[in-house]
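Examination of the molecular architecture
Listed below, chain by chain, are the residues.
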Amino acid sequence: MSPAAGGRPRDDAGSVARSVPALAAPALAVLAAEPLYLLVDTAVVGNLGTLALGGLAVGGGLLGWAAALLNFLAYGTTARAARRAGAGDRAGAVAEGVQATWLALGLGVVVVVLFQLLAGPLTRALAGGAGPVAAAGEQWLRVACLGMPLLLVALAGNGWLRGVQQLRRPVVFVVAGSLVSLVLCPLLVHVVGLGLVGSAVANVAGQAVSAALFLRALLAERVPLRPQPRAVRAQLVLGRDLLLRAAVLQLAFLVAAGVVARTGAAELGAHQIALQLWLFLALVLDAYAVAAQTLVGHALGAGRPDRARQTARAVALWGLGTGVLVGGLLLLLRPVLPGLFTDDPAVLAQAGVVWWFLALMQPLAGVVFALDGVLMGAGDVRWLRTLTIGSALVGFLPLSLLSGPLDWGLAGVWTGLTLFVVLRLVGVLLRVAGDRWTGAPATVSA
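Just so it is clear, the structure is predicted and the values come from calculations on it, not from any experiment.

The rules behind these values
- Residues numbered from 1 in each chain as written.
- Predicted model: local features only at pLDDT ≥ 70, side-chain atom pairs only at ≥ 80, totals over all residues.
- Heavy atoms only, no water.
- Helix = DSSP H or I, 4+ residues; strand = E, 2+ residues; numbered from the N terminus.
- Rg over C-alpha atoms; globule rule 2.2 N^0.38 Å.
- Contact = heavy atoms within 4.5 Å.
- Areas by Shrake-Rupley, 256 points an atom, 1.4 Å probe, with all protein chains shown as cover.
- Phe/Tyr/Trp six-rings, centres within 6.5 Å; stacked < 30°, edge-to-face > 60°.
- Buried < 20%, exposed > 50% of the residue type's maximum accessible area, 1.4 Å probe, protein only.
- pLDDT = per-residue confidence, 0-100.
- Core = buried A, V, L, I, M, F, W, Y, C linked by side-chain atoms within 4.5 Å.
- Salt bridge = Lys/Arg side-chain N within 4 Å of Asp/Glu carboxyl O.
- Disulfide = S-S within 2.5 Å.

A word on the overall build of the protein chain
The secondary structure content of the protein chain amounts to 17 helices and 0 strands. Relative to the compact-globule value of 22 Å for 446 residues, the protein chain shows a C-alpha radius of gyration of 21 Å, a close match. Along the first, second and third principal axes, the C-alpha atoms of the protein chain reach 65 × 45 × 35 Å. Here the analysis covers contacts within the protein chain between residues at least 6 apart in sequence; of these, 84% occur between residues at least 24 apart. Looking at the protein chain as shown, the accessible area adds up to about 17,100 Å², and 70% of this sits on carbon and sulfur atoms.

Looking at the side chain of S391
If you trace the backbone, S391 turns up in helix α16 (residues 381-403). Those residues in contact with S391 that lie beyond four places of it in its chain are F396, F420, L423 and R424.

Digging into the packing of aromatic side chains
A ring pair, where both rings are aromatic, is described by two values, the distance of the centres and the angle of the planes. One pass over the structure, following the stated rule, counts 6 aromatic pairs. Measuring from ring centre to ring centre gives 5.0 Å for F173 and F214, while their planes differ by 85°; the resulting arrangement is edge-to-face. Taken as a pair, F173 in helix α7 (residues 168-191) and F214 in helix α8 (residues 196-220) lie far apart in primary sequence, 41 residues in all. With respect to class, F173 is no different from F214; both count as buried. Summarising the aromatic geometry, the rings of F253 and F396 are spaced 5.2 Å apart at their centres and angled 80° between planes, so their arrangement reads as edge-to-face. Residue F253 is found in helix α10 (residues 240-261), and its partner F396 is found in helix α16; the two are separated by 143 residues along the sequence. For the pair shown, F253 and F396 are each scored as buried. Connected via pairs of aromatic rings, a cluster forms that spans F253, W278, F369, F396 and F420.

Side note on the confidence of the model for the protein chain
For the protein chain, mean pLDDT is 83; residues scoring 70 or higher make up 93% of the total. Taken as a whole, residues 1-11 scores under 50 in pLDDT and shows 8 contacts with residues more than four places along the chain or in a different chain. Counting interchain partners and residues more than four positions distant, the pLDDT-below-50 stretch residues 442-446 has 16 contacts.

As for the nonpolar core
M148, W278, W414 and W437 are the most contacted members of the largest nonpolar core, which has 123 residues in total. In terms of residue count, helix α11 (residues 265-285) provides more of this core than any other element does, 13 residues in total. Formed by 19 residues, the second largest nonpolar core is a distinct cluster that contains A33, L161, V174 and F214.

A word on the pattern of salt bridges
Considering all chains together, one arrives at 11 salt bridges under this definition. The salt bridge partner of D435 is R309, with a shortest N-O separation of 3.3 Å. Taken together, the positions of D435 in the segment after α17 (409-433) and R309 in helix α13 (residues 305-332) put the pair 126 residues apart, joining distant regions of the chain. You can call R309 partly exposed: its relative accessible area is 28%.

Considerations on the state of the cysteines
This model, assessed by the stated rule, comprises 0 disulfides. Residue C145 stays outside any disulfide, its sulfur separated by 17 Å from that of C185, the closest cysteine. For C185, a relative accessible area of 0% corresponds to the buried category.

Below, the structure is given as structure tokens:
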């Protein structure tokens, strides 16, 4: 039946409406596992004192920057694998995962070497100079960065499994690793007495478990495992827009953290708490983006732009509704949540400054992240790159940099983050309202 006859679009609309939460639910478990561990880690370390919490903010900020910078291994691989799976080429979809895994291992080793060489200068630069906070951050980073190759392997594994619509298996793999970290973190930090270093060791141990499970899943597919330099280079070329987008975004977050670090230890501790919550909730809302990538990639791979548009409408509504719910819960729990991470009155007072920004931003972010996933699944990454960089340069970075000399403090930095989200919202809504994104080139390797 043709679309004009009215039958297939109605059936497809109902199918998409059911598929979005069905795919988003397991994606949510995967996305939430790592930041949930980081929240627990922040709470465990926070009980060591403001100095340890500041060290975690500095070291964790640098490691998180590197991981987010290389997150194209998951998102880019999902889009490529979904296109191939949608066209009926499952073996090709898995082959994308093989090459992404080799790339993950190579990039992971490079990151470890760079952090071992530059951990001292980087942590001192972020902390505003030499001192106990910088020293604590350096100590944590030197150990925690050893898990970077393992983390990147898991990102690549998530990518190809999402592309072939196997979202439940990554749940098991990621949750298993996170549980190991959750058990080890308080034991190593407090019981064994390793302090901040215990947090880093627990992090690496959990990543090792998850990476091993993803590698086993790839081996079970019985596809050729030989690295193909041309395919790896093609993935790097195709991922350059996502890489540049992530680089500018993470630079903006690092600049904001550096500005806050120069304001004071209490402000830095409050920023760490609020930022970890923001990142956690961003990944929760990003579950709809994962569903969108998979559904849009399959739809366009099968030559169904009408279904891709239905997916865009569905995920936007789901993101908006979830963002409203999350924002309301944050406001309701405002008297309780900050106290779970610290009992320092100065840190709690500063956390109250940013809480309204954190809560009221959620409905806007829910739509932005969902539609980001739509455009990634369509391969429209150049538009996303330009939009994200422009929003950061116009909104986030200027207000963060001005917050120091103008004494705006945390409020200025978080106003910049809010403006960043608003500008992106306007951009993705305008893009998805048109048709050019459905004709974006398929991002699959040869």
